[in-house]
Amino acid sequence: MLIDTHAHLNFEAYNKDREDVIKRCLDYSMAVINVGAQFETSKKAVEISKYDNFYNTIGLHPIHVFDEKFDIKVYQKLITNRTVGIGETGFDYFHSDSSGENNIPVTQKIIDKQREVFIKHIQLAKENDLPLICHGRNSKNDFKLQTVYFDILKTLENQNYTRGVVHCFGGSLTEALSIVDSGMYIGFTGIITFPNADKLRVIAKEIPLDKILIETDSPYLAPQKYRGERNEPIYVEEVASVISDLKGVSMEDVIESTWQNAKILFNLK
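Here is a short report on the structure shown in this document.

Conventions and cut-offs
Residues numbered from 1 in each chain as written. Predicted model: local features only at pLDDT ≥ 70, side-chain atom pairs only at ≥ 80, totals over all residues. Heavy atoms only, no water. Buried < 20%, exposed > 50% of the residue type's maximum accessible area, 1.4 Å probe, protein only. Helix = DSSP H or I, 4+ residues; strand = E, 2+ residues; numbered from the N terminus. Arc of directions from axis to C-beta. Contact = heavy atoms within 4.5 Å. Polar contact = N/O pair within 3.5 Å; in protein donor to acceptor, adjacent residues only side chain to side chain. Salt bridge = Lys/Arg side-chain N within 4 Å of Asp/Glu carboxyl O. Axes fitted to C-alpha atoms, helices over the stretch in contact; angles between N-to-C directions. Parallel < 35°, antiparallel > 145°, perpendicular 65-115°, else oblique. Left-handed = near helix turned anticlockwise from the far one by under 90°.

Quick word on helix H1 (residues 18–27)
Step number 1: Taken together, the buried positions of H1 are Arg-18, Val-21, Ile-22 and Cys-25. For H1, the arc enclosing every buried residue in end-on projection is 100°, short of the 170-degree limit, so these residues lie on one face.
Step number 2: Among the structural elements, strand S2 (31–35), helix H2 (39–48) and strand S3 (54–58) are those in contact with the buried residues of H1.

Written as structure tokens, this is what we have:
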């Protein structure tokens, strides 16, 4: 079964036609995991899980750690039998960077707060025997803050919980291999279809297929074929197609392998 392991149909971008997008997924006979980024979007992800083959995760994205409190007891109440992970959580050095969107210099205070909230997510994941959806994005210009993937791994290893996926991977081959060696999975998005993504395609070719998940990160990062449009889960097939070419295996093999990987990680029935 085709699966998009990281979508945000719970975001405002779908408020006007969410039911239509969901119907296209149902018609495709695919599975979708909608990922929470704040309390309200986590609630919405849980609501959308009423549909067949729709699942959810709950969490507070690292760019929002100063916008609201991550209260474990409050988030615990959101968890249902369709909740298959905790997150997305981790570190973001881009959106808190003077070169990023918010024009706020990264400070130790920001990093410490993201780590504090990340550890709380790990605690919630442990308590519920659920995997983590980890977000990582490096600073654009500050060379000292090019270590986001190793910072994620260090935090996970310190908490003795390396179970989950590093989604929308954008690091080096060395970082990717370290993630895989830890037992984590790596998620690839539509970025892998972009003309300038040769380095990422090399990484995807080197990573074992049994450690790869495919995702859209909808509504963002539409594959090259749909560039400039709002992304949606059915387009995850474009990601599978590139991986098929890189691995020299059929699309059917990629779809089946990534489905089995998702079933194992997220304990899908």
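Notes on the side chain of His-61
Step number 1: Mapped onto the secondary structure, His-61 falls in the loop between S3 and helix H3 (72–76).
Step number 2: A distance of 3.4 Å separates a polar atom in the side chain of His-61 from a polar atom in the side chain of His-135.
Step number 3: If near-sequence neighbours (up to four positions away) are discounted, His-61 is found in contact with Ala-37, Glu-88, Asp-92 and His-135.

Description of the pattern of salt bridges
Step number 1: This structure, assessed with the given rule, holds 10 salt bridges.
Step number 2: A salt bridge links Asp-27 to Lys-23; its shortest N-O distance comes to 2.9 Å. Taken together, the residues span about one helical turn, with Asp-27 and Lys-23 both in helix H1 at a distance of four residues.
Step number 3: Note on Asp-27: relative accessible area 54%, which makes it exposed.
Step number 4: The partner of Lys-225 in a salt bridge is Glu-238, and the shortest N-O contact between them spans 3.9 Å. Of this pair, Lys-225 sits in the loop between strand S8 (212–214) and helix H8 (236–247) while Glu-238 sits in helix H8, placing them 13 residues apart in sequence.
Step number 5: Assessed through its relative accessible area of 59%, Lys-225 is described here as exposed.
Step number 6: Bridged by salt links that share partners, the residues Lys-113, Glu-116 and Lys-120 form one connected network.

Side note on the environment of Lys-205
Step number 1: Within the secondary structure, Lys-205 sits in helix H7 (residues 198–206).
Step number 2: Taking C-alpha positions, Lys-205 is 34 Å from Lys-120, a pair spaced 85 residues apart along the chain.

Points about the packing of H7 against H8
Step number 1: Their axes nearest at 9 Å, the elements H7 and H8 cross at an angle of 65°. By the criterion of interaxial angle, the relationship of H7 to H8 is roughly perpendicular. Viewed along their axes, H7 and H8 form a crossing whose handedness is right-handed. Contact with H7, carried on its side by Arg-201, Ala-204, Lys-205 and Glu-206, involves Val-242, Leu-246 and Lys-247 of H8 and no other residues of that element.

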